[in-house]
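Residues per chain are reported as follows:
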Amino acid sequence: MMYDEALALAQSTLSSIGEGVVSTNMDQKIIYMNEAAESILEIDANQATGKDFDQIVRLWNAQSNIKIESPLKDVLNGEKIKGLKNNTVIRTDNSHEKYISATFSPIVDQKSLVKGAVVTIRDITRLKNLEIENLNEKNNLKEIFDYAAVGMVVLDRDYIITQINDTALAYLEQSREKIVGSFFGRKFPCVSGINNYQCGKETQCEYCEFRRAVRRAIEEGIETGSIEQRKAVVWNGLNEEHWFRISTAPLRINSSKYCLVTMIDITENKNKEKEITVARDTCKNILDQLPSLIWRTDTKFACTYANKTWLDFYGKSLEEALEFGWYESIHPDDLPRYNELRDKAMKNQEYFQPEIRIRGKDGAYYWCIVAHAPYYNLNGEFEGYLASILNIQEQKEAEENRERYRMIFDNARDIVIMMDLNGRILEANKSAIETYGYLKDELIGMDINKIWLNSTAIREQIKKSVQKQIFLEAVHRRKNGSIFVSEVSTQLINIGEKQILFSIIRDITERKRAEEELHVSRERAEAANRAKSQFLASMSHEIRTPINGMTGMIDLTLLTDLTKEQRENLITAKACADSLLNIINDVLDFSKMEAGKLSIDEKNFDLKELTEELLKPYTLRVKEKGLFLKYTVPDNIPRYLVGDPGRLRQIIDNLMGNAVKFTNQGFINFEISKTSEADGIVELLFRISDTGIGISEDNISSLFTSFHQVESSFTKKYGGTGLGLAIAKRLVEIMGGSIGVESSKGNGSSFYFFLKFKEGNLAVSTERKALETKKTDNPLMILLVEDDEVNRKVISKMLKERGHRVEFAYNGKEAVDLFQMKKYDIILMDIQMPEMNGVEAVKNIRTKEQSGSHIPIIALTAYALKGDEENFLQAGMDGYLSKPINMRGLYEAIEKSCYPRGARLDSNGEVRYCTYSDRNEVSHKTEELLKKIPLMIIELDHAMEERNFNRIERIAHQIKEQAIEADFINLKDFCFKLELSARKEEMDTVKKYFLEMKEEYYYIKQRFV
């Protein structure tokens, strides 16, 4: 290909490419711009030529709005090809903004010197138009090959120059005299890579094509032409390498045979061929390195060229893509439409740009824009199409996602509104249109305040919110003036560079109506529950009061001298009273469990002692019925556990009671076994088996239901409420265990349950000696406040048996008056009394107490429901005893309240309550308590300043637990009241009990430290 043709082809190729191409010189001045660049930059080439590149091509970051410097300077300074960063735009003089990608490449000559730069610009807002241009490429495509002069040399058979013309002399820049007679190889030596090479004397010279041509001319008379060899000659005073095209012909002079050698210096042609080759390879290299997929077709639309980017994407070789092979990459569903558009465009040689799916080398199809531009040769003849392919798969997916979100937005059942920060509605879905009753055109642009009451304050609130999102209820107005309540979720989001409020609004009118109905129903249920609780409290009070008189009198009578028959009758009477009390307790426990108010304690207890004490009463009953009682506890079971011994006793008592009740012959077996043990937790299996009447399979499923008896006749024959098993089951489940039964009618029953306990420590023995009524060493003056004559009589006798002095008040008012008139050591206060109840009386007494003084007050009441004790302590009482009053419990409560400084066992096993004078007998727990409380008081101060009720409750609970460990009952009670006040978030009461707790602590500290 000649130079002009190569130049024309290159110019035509670059002009036909659909991408913008801009070239600059080393001063960054624009020296060329193609039509595509004019279109992209929206400026005429004549206007841009000669101007600075950065003046014409102004680059900005679309997101940050910061101007970007082009990499042109770096490329001109020697860096390799560079591109632009993501989100780069240009801003034209017409105020248009276009996303572009560009490639900045240096233009170098054959000596690798940078002579300028070429910038390929693609408008990727819609498609990428590619056009390659390399104006300053030092490939000498503008020059044509010149004819070289012909040199002629005559050689004899020894390759000696006999004659030479002027043109040949010009190659050597020597005189004819110096040349003639010389060996041809010395004047025109071959260029070889061998060191110290001597032309004509080397082994490979025998194979020299020129030498053989000379011999053929002289010896055979045969002509040889177009031998190209590289020779070393002197040119312009310098040793240079030149290419020559040599021809040989036979010549006779005076009948002697010679060889006429014709030499044409083709060095320039050779150099031009090399430059053209480099230019062609450079163009191909540029096309291969472009990020766009470029290919070319002939007039029949058969592929004749594809760049490397296209082949890499396609995953095929060039040979496989040529002709019509690339068609197989088009999606079968898109191929008919593509062929139709192609045929239509080719008729008029028009530009066309379809969107089709093309398969990549991974086998997946990608949506692409394929831009086809007609290609014309230098003669203006149509030779096919140049095409570039832009992968728009991500854009397609984004469009599909936008469409999907649009469908979700429009078809959402909830109202969805988008508005700007000023409250102007930007978008609304179908639900909004239907709910508010406006047309969409009416809603768009409307001030949100017209349909959303008080939205301005809400918008200001969300602007200041850290989360930029709020949930609230609001009132909205329809077009017809009606309003509705809604639940609104509003969030501040960014769309591009704009902030908008995105609101989801749900009409909750029906839900509000349902909530109101539910609220009414709940209030009714709570009222019914309160009535039930009041009924149970009243029933408990009314039944416990006479039982208290009965059991008290029986206990007092049993202390007197009685005949055997009288004692047996009284024991039977007491058993009947206890049975009635058990029935009441069952009903109350069941009520507590139904209300979810049953509490479970965590105490250290002796399992062996508990079970032995529990089984003692059954030994006599079993013996009376002629039965055998077996009791098995293996040695591998821990003796000391942490749990609720009272509830465990209640469960076993229920099951043992049933076993004894329903067994008339045979035996009863009580056994405990260990099922697992890990990390200080032991699981025990308790099993009570009997040989009694058994249970039919039909009745087992309903055995643990409330008020259930296996047969109705049993109620009359055996007695009971039918609550025992139901209570046992609920207790086991509340304690985290499970219960079951194995039985068949007539073959006895085996009840079992699993419970887990923490392993405990050595516990204080719970064994009690028989009650003795010896006089106390510290008799007290006690005020007994009780309106019931029987209870007054019973309790006063119990107190006097202990050696205490007793005075009476018949109601709360009298108690307050007597408190002011006389000095008492302790007050025993009934709750339900005429004129003034016990709670009001205590409040009056507390307000009348002098600073620093505190009289212990113990509630004696028939109230025994969950929460009663806490309520009485919160009201200002120091202790609580439920009726019927147990003598031992009464004595212990009095002595704890009057001597609240710890407890220990004396040498006789009796409980002794310590005074502050017993300093030498204080345990290390007291010392630990005195060390820890000051820090906890400081924490409480901080928590109260912050009004952090949860923290106050937690710290008060911790001090209370340590006070219990050290047996400081007053301190424990103050902490308990402080804990309850924090739970109710009553700050005034919290402060009151906090001060009292501190006073008690300082009093303890003064006595012990």
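Bear in mind that the values here come from a model prediction, so they are computed numbers and not experimental data. (Residues numbered from 1 in each chain as written. Predicted model: local features only at pLDDT ≥ 70, side-chain atom pairs only at ≥ 80, totals over all residues. Heavy atoms only, no water.)

The next subject is the overall build of the protein chain. Broken down by element type, the protein chain carries 33 helices and 37 strands. Within the protein chain, buried positions represent 44% of all 1009 residues. Looking at the protein chain alone, contacts between residues at least 24 apart form 57% of all its contacts between residues at least 6 apart. If you sum the accessible surface of the protein chain, you get close to 53,200 Å²; carbon and sulfur atoms cover 48% of it. (Helix = DSSP H or I, 4+ residues; strand = E, 2+ residues; numbered from the N terminus. Buried < 20%, exposed > 50% of the residue type's maximum accessible area, 1.4 Å probe, protein only. Contact = heavy atoms within 4.5 Å. Areas by Shrake-Rupley, 256 points an atom, 1.4 Å probe, with all protein chains shown as cover.)

Counted at 1.5 Å a residue, the expected span for helix 13 (residues 335–347) with its 13 residues is 18 Å, and the 18 Å between its end C-alpha atoms agrees. Those residues of helix 13 that fall on the buried side of the exposure criterion are Y338, R342, A345 and M346. One side of helix 13 carries all its buried residues, which in axial view fall inside an arc of 95 degrees. What points out from helix 13, more than 90 degrees from its buried face, is the exposed set P336, E340, K344 and K347. In this structure, the buried residues of helix 13 make contact with strand 14 (293–297), strand 16 (355–359), strand 17 (365–376) and strand 18 (382–391). (Expected span 1.5 Å × (residues − 1). Arc of directions from axis to C-beta.)

Okay, the sheet that holds strand 16 next. The strand order 15-14-18-17-16 describes an open sheet built from five strands, whose pairing is antiparallel. With partners counted over all chains shown, the strands left at the sheet margins are strand 15 (303–306) and strand 16, one partner each. Strand after strand, the sheet turns through a mean of 35 degrees between neighbouring axes, direction not considered. By the bridge criterion, three bridges tie strand 14 to strand 15 in an arrangement that is antiparallel. Note on strand 15: the bridge partner recorded for W295 is A306. Those strands touched by helix 13 are strand 14, strand 16, strand 17 and strand 18, and its axis lies near 120 degrees from that of strand 16. Set on the sheet, helix 14 (residues 393–411) makes contact with strand 16, strand 17 and strand 18; between it and strand 17 the angle comes to about 130 degrees. (Pairing = 2+ DSSP bridges. Axes fitted to C-alpha atoms, helices over the stretch in contact; angles between N-to-C directions.)

Our focus in this paragraph is the packing of helix 20 (residues 607–624) against helix 21 (residues 645–661). Interhelical geometry of helix 20 versus helix 21 gives an angle of 25 degrees and a closest axis separation of 11 Å. Taken together, the axes of helix 20 and helix 21 lie roughly parallel to each other. Note that helix 20 runs across helix 21; the crossing there is right-handed. Packed against helix 20, whose contacting residues are L607, L610, E613, L614, L615, Y618, R621 and V622, the element helix 21 presents P645, L648, R649, I652, D653, M656, G657 and V660 at the interface. Here the contact of helix 20 with helix 21 is composed, by residue class, of eleven nonpolar, one polar and four charged. (Parallel < 35°, antiparallel > 145°, perpendicular 65-115°, else oblique. Left-handed = near helix turned anticlockwise from the far one by under 90°. Nonpolar A, V, L, I, M, F, W, Y, C, P; charged D, E, K, R; others polar.)

Let's shift gears to the packing of helix 25 (residues 789–802) against helix 29 (residues 887–898). The axes of two packed helices give the description: the angle between them and the distance between them. One way to put it is that helix 25 packs onto helix 29 with a least axis distance of 11 Å and a crossing angle of 65 degrees. With respect to the hand of their crossing, helix 25 and helix 29 are arranged in right-handed fashion. Listed contacts from helix 29 to I795, M798, L799, E801 and R802 of helix 25 are M887, L890, Y891, I894 and E895. Grouping the amino acids of the contact of helix 25 with helix 29 by side-chain chemistry returns seven nonpolar, no polar and three charged.

With that settled, consider the side chain of D690. Here D690 is to be found in strand 28 (residues 681–690). The side chain of D690 sits in the buried core without any salt bridge; K625 is the nearest counter-charge, 9.9 Å away. A polar atom in the side chain of D690 sits 2.9 Å from the backbone nitrogen of G692. Beyond its immediate stretch of four places on either side in the chain, D690 contacts A659, T663, F667, I668, G748 and S749. (Lys, Arg positive; Asp, Glu negative; His and termini not counted. Salt bridge = Lys/Arg side-chain N within 4 Å of Asp/Glu carboxyl O. Polar contact = N/O pair within 3.5 Å; in protein donor to acceptor, adjacent residues only side chain to side chain.)

Glancing now at the environment of K67. For K67, the location among the structural elements is in strand 4 (residues 67–68). Sequence-wise, K67 and I90 are 23 residues apart; in three dimensions their C-alpha atoms are separated by 9.7 Å. Not counting the four nearest positions on each side in its chain, K67 is found in contact with L59 and W60.

Inspection of every chain in the model, using the stated rule, returns 18 aromatic pairs. Chaining the aromatic ring pairs together yields one cluster made of F301, Y338, F352, Y376, F382 and Y385. Sitting above the plane of the W243 ring, K270 keeps its charged end 4.6 Å from the centroid. A cation over a ring is seen here: R802 above Y891, with NZ or CZ 4.9 Å from the ring centre. (Phe/Tyr/Trp six-rings, centres within 6.5 Å; stacked < 30°, edge-to-face > 60°. Lys NZ or Arg CZ within 6 Å of the ring centre and 35° of its normal.)

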